[in-house]
Amino acid sequence: MAQFPTPLVIDTIRWVNSKTPEGSRRASDKVDAAMNKRESKRIVASEETVESKRQVREINKDESGESEESHESKGSLSASDPSLHLLHEAESALKKAYVPYSHFPVGAAVQLANGQVFTGCNIENASYSLTNCAERTAVFTAIMNGLSRDNPPVALAVTAQSNVPVAPCGACRQVLAEFCPPSMPVYLSNVNGDTKFTTVGDLLPYAFDSSQME
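Residues numbered from 1 in each chain as written. Predicted model: local features only at pLDDT ≥ 70, side-chain atom pairs only at ≥ 80, totals over all residues. Heavy atoms only, no water.

Visitor: Would you mind going over the pairing of strand β5 (residues 195–199) with me for this structure?
Guide: Successive side chains on a regular strand alternate, one facing one side of the sheet and the next facing the other. Relative to β5, strand β4 (residues 185–190) is paired through five bridges, and the arrangement is antiparallel. What sits directly across from leucine 188, in β5, is lysine 196. With antiparallel pairing between neighbouring strands as the criterion, β4 and β5 make up a hairpin whose turn holds four residues, including glycine 193 at a positive phi of roughly 95°. (Pairing = 2+ DSSP bridges. Helix = DSSP H or I, 4+ residues; strand = E, 2+ residues; numbered from the N terminus.)

Written as structure tokens, this is what we have:
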């Protein structure tokens, strides 16, 4: 690695060589050249860092086929949207939630390709880590009642008593990624009727799956 003069060395060189005009000129030129070289390396390194970050963003964009903005909500539902039925099912499930600790009921409903709808609510436990979320309850119930490769999930709705449309936690997103296609629509809502639309892939981009263990 190249070594550059420190400020103390620079001052010393200038003082010693200032005793002769020629020595002073050579020393000054040498110091200036070293400082210019150090500054050039700093600028190049900075430019390389910026370029690297840009390339990473471009690679991520190419791999996902989407821009960063695409991971945000896709919009809201109209009153005539057929998915409102799924949201109503989720709201009905919310009323069955067992939440004596958080007092935060959540309901979910998943629809399969054959039209069947299975619901779930969050079920808490005094040992908090044993709590099961509404989304996983719905998916696990669907698995017990016909979810398969030939009859996959086609949509999910989630609702809660929250100020904004509720979103699945990380564990639920991983479970959704396991059993649902990335393009599957997910409707996030609250009991006030606020709704957002997203997809399983947007909820968990670059999800861990079985293909990574091959």
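There's more to say after this.
Visitor: What should I look at first to understand the packing of aromatic side chains in this one?
Guide: The geometry of an aromatic ring pair is captured by two quantities: the separation of the ring centres and the angle between the planes. Here the structure, examined in full by the defined rule, presents two aromatic pairs. The interplanar angle of 55° and the centroid separation of 5.7 Å between the aromatic rings of tyrosine 101 and tyrosine 128 together place this pair among those described as tilted. Of this pair, tyrosine 101 sits in the loop between α3 (84–94) and β1 (106–112) while tyrosine 128 sits in the loop between β2 (117–121) and α4 (134–144), placing them 27 residues apart in sequence. When its relative accessible area of 59% is taken as the criterion, tyrosine 128 is described as exposed. Seen in terms of ring centroids, tyrosine 187 and phenylalanine 197 are 5.5 Å apart; in terms of plane orientation they differ by 40°. Their pairing is tilted. Residue tyrosine 187 is located in strand β4, and its partner phenylalanine 197 is located in strand β5; the two are separated by ten residues in the primary sequence. What makes tyrosine 187 buried here is its relative accessible area of 12%. (Phe/Tyr/Trp six-rings, centres within 6.5 Å; stacked < 30°, edge-to-face > 60°. Buried < 20%, exposed > 50% of the residue type's maximum accessible area, 1.4 Å probe, protein only.)

Visitor: In this structure, what is going on with unusual backbone geometry? I would like to understand it.
Guide: Negative phi is the rule for most residues except glycine; trans is the rule for most peptide bonds. One non-glycine residue, histidine 103, adopts positive backbone phi at about 55°. The backbone of tyrosine 206 shows a phi angle near 55°, a positive value even though the residue is not glycine. Among the structural elements, tyrosine 206 can be located in the segment after α6 (200–203). When its relative accessible area of 53% is taken as the criterion, tyrosine 206 is described as exposed.

Visitor: What exactly am I supposed to notice about the environment of alanine 138 here?
Guide: With respect to the helices, strands and loops of the structure, alanine 138 is situated in helix α4. Accessibility expressed as a relative area gives 0% for alanine 138, which makes it buried. Measuring from C-alpha to C-alpha, the distance between alanine 138 and phenylalanine 118 comes to 5.8 Å, with 20 residues separating the pair along the chain. If sequence neighbours within four positions are ignored, alanine 138 has contacts with Ala108, Val110, Phe118, Thr119 and Gly120. (Contact = heavy atoms within 4.5 Å.)

Visitor: How do you make sense of the nonpolar core when you look at a structure like this?
Guide: Within soluble globular proteins, side chains that are nonpolar tend to cluster in buried spots. Among the nonpolar cores identified, the biggest contains 22 residues, and Leu156 and Val186 are the most heavily contacted of them. For this core, the secondary structure elements donating two or more residues are β1, α4, β3 (153–160), α5 (170–179), β4 and α6. When neighbours within four sequence positions are excluded, valine 186 is seen to be in contact with Leu156, Lys196, Phe197, Thr198, Thr199, Val200 and Leu203. In this structure, Leu86, Ala109, Ala155 and Tyr187 belong to the second largest nonpolar core, which totals seven residues. (Core = buried A, V, L, I, M, F, W, Y, C linked by side-chain atoms within 4.5 Å.)

Visitor: Explain the environment of glutamate 178 here, please?
Guide: Looking at where glutamate 178 falls in the secondary structure, it is placed in helix α5. Between the C-alpha atom of glutamate 178 and that of alanine 207, which follows or precedes it by 29 residues, the distance is 8.9 Å.

Visitor: What am I meant to see in the side chain of threonine 137 here?
Guide: Looking at the secondary structure, you find threonine 137 in helix α4. A polar contact of 2.8 Å, which involves the side chain of threonine 137, links it to the side chain of asparagine 132. Beyond its immediate stretch of four places on either side in the chain, threonine 137 contacts Thr119, Gly120, Cys121 and Asn132. (Polar contact = N/O pair within 3.5 Å; in protein donor to acceptor, adjacent residues only side chain to side chain.)

Visitor: Help me out: how do you make sense of the confidence of the model for the chain in this one?
Guide: Caution is warranted with low-pLDDT regions, since their predicted coordinates should not be read in detail. In this model, the chain carries an average pLDDT of 77, and 62% of its residues clear a pLDDT of 70 or more. Long-range and interchain partners of residues 37–75, a stretch whose pLDDT sits below 50, account for 24 contacts in this model, where long-range means more than four residues apart. (pLDDT = per-residue confidence, 0-100.)

Visitor: Honestly, α5 in this entry has me stumped. Any pointers?
Guide: An α-helical segment advances 3.6 residues per turn. Residues three or four places apart therefore align on the same side. Listed in full, the buried residues belonging to α5 are Cys172, Val175 and Leu176. When α5 is viewed along its axis, its buried side chains cluster within an angular range of 100° and face the same direction. Of the exposed residues in α5, the ones pointing more than 90 degrees away from its buried face are Gly170 and Glu178. Turning to α5, the residues buried within the fold contact α4, β3 and α6. (Arc of directions from axis to C-beta.)

Visitor: Is there a simple way to think about a nonpolar patch on the surface in this case?
Guide: Taken together, the side chains of Tyr98, Tyr101, Ile123 and Tyr128 define a hydrophobic patch exposed on the protein surface, amounting to about 450 Å² of accessible area. The topology assignment puts tyrosine 98 in the loop between α3 and β1. (Patch = residues over 30% accessible without salt bridge, like charges linked within 9 Å, V, L, I, M, F, W, Y side chains within 5 Å. Areas by Shrake-Rupley, 256 points an atom, 1.4 Å probe, with all protein chains shown as cover. Salt bridge = Lys/Arg side-chain N within 4 Å of Asp/Glu carboxyl O.)

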